[in-house]
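Spelled out from the first residue to the last, the chains are:
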Amino acid sequence: MHTNFSKSMANNFARILSGKRNVGIMSLVGAGSLTAAFLLNREHVTAGAQVRRVYPASADYPDLRKHNNCMASHLTPAIYAKLVDKATPNGYTLDQAIQTGVDNPGHPFIKTVGMVAGDEESYEVFADLLDPVIKERHNGYDPQTMTHPTDLDSSKLKSGKFDERYVLSSRVRTGRSIRGLSLPPACTRAERREVEKVVVDALAGLKGDLAGTYYSLTHMTDQEQQQLIDDHFLFDKPVSPLLTCSGMARDWPDARGIWHNNTKTFLIWINEEDHTRVISMEKGGNMKRVFDRFCTGLKEVERLIQEKGWEFMWNERLGYILTCPSNLGTGLRAGVHVNLPKLSKDPRFTKILDNLRLQKRGTGGVDTAAVGSTFDISNLDRLGQSEVQLVQTVVDGVNYLIECEKKLEKGQDIKIPPPVRK
Amino acid sequence: LNDKMAKLTIKRLSPEEEFPDLSQHNNHMAKVLTQDMYTKLRDRATPNGFTIDGVIQTGIDNPGHPFIMTVGCVAGDEETYEVFKELLDPIIEDRHGGYKPTDKHKTDLNPDNLKGGDDLDPNYVISSRVRTGRSIRGFCLPPHCSRGERRGVEKMSVEALDSLSGDLKGKYYALKNMTDAEQQQLIDDHFLFDKPVSPLLLASGMARDWPDGRGIWHNDTKTFLVWVNEEDHLRVISMQKGGNMKEVFNRFCTGLTKIETLFKDKGTSFMWNEHLGYVLTCPSNLGTGLRAGVHVKIPNMSKHAKFEEVLKRLRLQKRGTGGVDTAAVGGTFDISNADRLGFSEVELVQMVVDGVKLLVEMEKKLEKGQSIDDLMPAQK
């Protein structure tokens, strides 16, 4: 356990208890249960509450011999035995956190994380497993010793306007979670509805070019739905078993929705994989403007929820807290759709991307392959560098890729760049 | 109820805020669940920690089914049916033809009590099959069991099955250890079951950890088959080509009785009580859990205007030959008993035997262009 753990957890928990909502907490009292001590004693309920166990840990340890994900790489029988009796204050358990990784042995394109958080406290209570998973996924970032920088000052971004003969669109996305409410794998219906209410209330306060409208998935008209599909804004009930096995699709489409501003350049998904996903996007190559709007919008939404006594989940160890450990830190993916017909066929393409700390995807998103020569190019990293740093990496990297493409067009040779500082 | 219930540690908002939106829903759970009922039931959990939200999740996530009115809830353990009585009793009553909370269910697995059934016309009846399920007392059911419990069910079941002899002697194929050759053979025999894809099942949590603890056992003659840890602890199936339902039912009863004896020798038993009969995951399978059916060629009868009415009167149900979620192809139907609870095993198989005989007679008449009006049965 971390030395700061008890204090920060107690502070967080005190905030939950004293928050605007008068939530009730009851204790597990059953035949022969050991947990009578927790009965209705708010101030002393802590993380690590006792969980019902019928079998010893060894009988319940999952069979991970055919698995290839980060959870399977790090979940030893010893760690399992240590953590399986624990639950977060919301009652979320290790078995729940790892279920998606047990049910999904591997993914064809990427090594998946294989576990999720059910609430903010998961990252503390299950740190013995999550810390090594985070370290593997985030290139050696050690949550026990390092701190994560947050920087949403978009004025620091240098250049950031791409050649539009190559870059078709620019986009920055992240996620935010509302402190005090459980995350999508574990939230109750009422918590999910509370997330929707808190966020929609805040968004209603946005003005100017950020002013917009909310479309709830349950109440959308056919016409609204068609428009959202045409705009490529509508998200559907997830079909990927990576997501559905974690429980985040329960009660669909209750309390899910899409908000966007009138100019359709700032979009928020509510209660999909995270409490919120925030997206700034435009056709063309003006990443600077996209990032400006991103930062302004995020800060404004934060200010509006704080007015009502809420805040985002964040700490200096892990940055912004999201459902999937892969999205910790900035949770930021800045990317472009870029046409690179010659470069993409060059055998050095992958190495160039690696050295630039960039990732390629198909234009349909994470589970797709590229069609033709148009790629989705974005930052690989999420944690350990700030938002400004990561977007700068994308700007510098994409500019380099375009230079390569131009050189190849003229029959000139290209160079693999040296690896950028991680 | 005290020793069957536990109060839960969770941080929660009010029951009004938690109540699901069932306005688009059409299943048994949605018909019955009110705010007041939810408010009362959410304060309870079974001794194994199963809650009302666990019971109803599948019904919330699946508003309706195109072919049948689904139940919309599941049990996580034997105690679910007691702890959440207020919800489950009316659902059981609605689903099982008015079966009351005070009614008693009779079990009759004596195949000698079946009259006839060995002479269904094989020109029409392609195959005959009887299936049921069994749950092992003391273990949680598939929506709620831990990996250790599921493996415990597998181990105990395989030990019992391995000691069967004579024409019941057979072999167990664990899903996760199967060789490619074994897998292909099981597919060719139409025995292999896959990870469920139906969201009705997935949303209940019964597919967790697939394929751990799952497998298929069958006898050497491939006429007696047991599924381990699919939708229930055990699904027991007796089947063969042709129309000799009597033989199928004989083997079914003999096999089940032997397996039950083996479990009793090990100090456990099947979940059973005199009100609900055999206890299974889905409330629709309570009582006998029995579905006796045939694949039968009735192209003329199935197009007849009175087909549905005949089935209703005979207390029979039609499905496609792919099972519950399919439509029939080319006039060949799966015809089986509609009831599960409130009738004994013998009574249900009798209804199928008598009913299918009548359907085949009607088909023959229609083939000759004759009327079937004088064959119309009374409501059973």
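Residues numbered from 1 in each chain as written. Chains lettered and ligands numbered in written order. Predicted model: local features only at pLDDT ≥ 70, side-chain atom pairs only at ≥ 80, totals over all residues. Heavy atoms only, no water.

Of regular secondary structure, chain B possesses 13 helices and 11 strands. Here chain B has a C-alpha radius of gyration of 21 Å; the compact-globule value for 380 residues is 21 Å, and the two agree. Along the first, second and third principal axes, the C-alpha set of chain B runs to 70 × 45 × 40 Å. Residues classed as buried in chain B amount to 58% of the 380 residues present. (Helix = DSSP H or I, 4+ residues; strand = E, 2+ residues; numbered from the N terminus. Rg over C-alpha atoms; globule rule 2.2 N^0.38 Å. Buried < 20%, exposed > 50% of the residue type's maximum accessible area, 1.4 Å probe, protein only.)

With that out of the way, let us pick up the sheet that holds strand β9 (residues 291–297) of chain B. Residue and element names in this part refer to chain B. Strand order in the open sheet formed by 8 strands is β3-β4-β5-β6-β2-β9-β11-β10, and the pairing between neighbours is antiparallel. Of all strands in the sheet, those bounded by a partner on one side alone are β3 (170–174) and β10 (316–319). For this sheet the average axis-to-axis angle between neighbouring strands, irrespective of direction, equals 20°. As paired strands, strand β5 (residues 224–228) and strand β6 (residues 234–241) are joined by 5 bridges and run antiparallel to one another. Bridge pairing links Val226 to Val236 in β6. Packing against the sheet, helix α12 (residues 307–314) makes contact with β10 and β11 (332–337), and its axis sits at approximately 130° to β10. (Pairing = 2+ DSSP bridges. Axes fitted to C-alpha atoms, helices over the stretch in contact; angles between N-to-C directions. Contact = heavy atoms within 4.5 Å.)

What follows covers the pattern of salt bridges. Taken as a whole and assessed by the stated rule, the structure comprises 57 salt bridges over all chains. Measuring nitrogen to oxygen at the nearest pair gives 2.8 Å for the salt bridge that ties Lys111 of chain A to Glu136 of chain A. Of this pair, Lys111 of chain A sits in the loop between α5 (94–103) and α6 (122–125) while Glu136 of chain A sits in helix α7 (residues 127–137), and the two are 25 residues apart along the sequence. The class for Lys111 of chain A is partly exposed, based on a relative accessible area of 31%. For Glu136 of chain A, a relative accessible area of 32% gives the class partly exposed. Linking Arg235 of chain B and Glu231 of chain B is a salt bridge whose minimum nitrogen-to-oxygen distance equals 3.5 Å. (Salt bridge = Lys/Arg side-chain N within 4 Å of Asp/Glu carboxyl O.)

Before going further, it helps to spend a moment on the nonpolar core. Soluble globular proteins tend to pack their nonpolar side chains together in the buried interior. Counting residues in hydrophobic clusters, the biggest one holds 59 residues, and the most contacted among them are Met245, Met301, Ile335 and Leu359 of chain B. When residues in this core are grouped by element, the largest group, 12 residues, is from helix α13 (residues 345–367) of chain B. Excluding anything up to four places from it in sequence, Met301 of chain B contacts Phe307, Val310, Leu359, Met362, Glu363, Leu366 and Ile372 of chain B. By size, the runner-up hydrophobic cluster in this structure holds 57 residues, among which are Ile178, Leu206, Val290 and Phe312 of chain A. (Core = buried A, V, L, I, M, F, W, Y, C linked by side-chain atoms within 4.5 Å.)

All names here are of chain A. Following the criterion strictly, the structure yields 13 aromatic pairs over all chains and no others. A ring pair is formed by Phe235 and Trp252, whose centres lie 6.0 Å apart and whose planes are at 80°; its orientation type is edge-to-face. Remark: Trp252 occurs in the loop between α10 (241–244) and β4 (257–261) and Phe235 occurs in the loop between α9 (222–230) and α10; sequence separation between them is 17 residues. Taken as a pair, Phe235 and Trp252 share a single burial class, namely buried. Centroid distance Phe349 to Phe375: 5.5 Å. Interplanar angle 70°. Geometry classified as edge-to-face. Of this pair, Phe349 sits in helix α12 (residues 349–355) while Phe375 sits in strand β11 (residues 374–379); the two residues are 26 residues apart in sequence, bridging distant segments of the chain. A residue is classified by how much of its surface remains accessible, and Phe349, at 3% relative accessible area, is buried. Here the aromatic residues Phe235, Trp252 and Trp269 are joined through ring pairs into a cluster of three or more. Looking at Arg176, its charged tip hangs above the ring of Tyr320, at a distance of 3.4 Å from the centre. (Phe/Tyr/Trp six-rings, centres within 6.5 Å; stacked < 30°, edge-to-face > 60°. Lys NZ or Arg CZ within 6 Å of the ring centre and 35° of its normal.)

What follows is about the confidence of the model for chain B. Residue and element names in this part refer to chain B. Here chain B averages 93 in pLDDT, while 96% of its residues score no lower than 70. Taken together, the stretch residues 1–11 has pLDDT below 50 and engages in 44 contacts with residues farther than four places along the chain or on a different chain. Both confidence scores are given for the complex: pTM 0.87, ipTM 0.88. (pLDDT = per-residue confidence, 0-100.)

Residue and element names in this part refer to chain A. Most of β11 sits out of view: 6 of its 6 residues are buried. Examined bridge by bridge, strand β9 (residues 333–339) and β11 share 5 bridges and lie antiparallel to one another. For Val336, the partnering residue across the bridge sits in β11 and is Ile377. Strand direction decides the pairing type here: strand β10 (residues 358–361) and β11, joined by 4 bridges, are antiparallel. Following the sheet pairing, Lys360 is matched in β11 by Ile377.

Residue and element names in this part refer to chain A. Here Gln392 shows up in helix α13 (residues 387–409). By relative accessible area, Gln392 is classed as buried at 14%. Along the primary structure Gln392 and Arg179 are separated by 213 residues, whereas in three dimensions their C-alpha atoms are 29 Å apart. When sequence neighbours within four positions are dropped, the list of residues in contact with Gln392 reads Lys156, Leu157 and Lys158.

This part takes up the sheet that holds strand β2 (residues 167–176) of chain A. Residues and elements named next belong to chain A. Strand order in the open sheet formed by 8 strands is β3-β4-β5-β6-β2-β9-β11-β10, and the pairing between neighbours is antiparallel. Two strands lie at the open edges of the sheet, namely β3 (212–216) and β10, each paired on one side alone. On average, each strand axis in the sheet is tilted by 20° relative to the strand beside it, whichever way the strands run. Relative to β9, β2 is paired through 6 bridges, and the arrangement is antiparallel. Bridge pairing links Val167 to Val338 in β9. Sheet contacts for helix α8 (residues 189–203): β3, β4, β5 (266–270) and β6 (276–283); angle to β5, the most-contacted strand, approximately 165°.

The next subject is the side chain of Thr70 of chain B. Locating Thr70 of chain B in the fold gives a position in the loop between α4 (52–61) and α5 (80–83). In this view, Thr70 of chain B contacts Asn27, His28, His65, Arg95 and Leu200 of chain B; residues no more than four positions away in its chain are not counted.

What follows is about the packing of α8 of chain A against helix α11 (residues 287–307) of chain A. All names here are of chain A. At a minimum axis distance of 9 Å, the contact between α8 and α11 shows a crossing angle of 115°. Of the two possible hands of crossing, α8 and α11 adopt the one that is right-handed. Facing Val198, Ala202 and Leu203 of α8, the residues of α11 in contact are Val301, Leu304 and Ile305. Classifying every residue of the contact of α8 with α11 by side-chain character gives 6 nonpolar, no polar and no charged. (Left-handed = near helix turned anticlockwise from the far one by under 90°. Nonpolar A, V, L, I, M, F, W, Y, C, P; charged D, E, K, R; others polar.)

Attention shifts here to the packing of α12 of chain B against α13 of chain B. Residues and elements named next belong to chain B. Running from N to C, α12 and α13 point in directions that differ by 155°, and their axes come no closer than 10 Å. On the basis of their axis angle, the class for α12 and α13 is roughly antiparallel. In the packing of α12 onto α13, the handedness of the crossing is right-handed. Across from Phe307, Val310, Leu311 and Leu314 in α12, the residues of α13 making contact are Met351, Gly355, Leu358, Leu359 and Met362. Partitioned by chemical class, the residues of the contact of α12 with α13 number 8 nonpolar, 1 polar and no charged. (Parallel < 35°, antiparallel > 145°, perpendicular 65-115°, else oblique.)

This part covers unusual backbone geometry. Peptide bonds are, in most cases, trans, and in most cases residues other than glycine have a negative phi. Cis geometry marks the peptide bond from Trp252 of chain A to Pro253 of chain A; its omega dihedral reads 0°. Following the sequence through the fold, Pro253 of chain A ends up in the loop between α10 and β4. In the segment running from Trp210 of chain B into Pro211 of chain B, the intervening peptide bond is cis, with an omega of 0°. Unusually for a residue other than glycine, Lys222 of chain B sits at a positive phi of about 60°. Inspection of the secondary structure assignment puts Lys222 of chain B in the loop between β4 (215–219) and β5. Judged by relative accessible area, Lys222 of chain B falls into the partly exposed class, the value being 30%.

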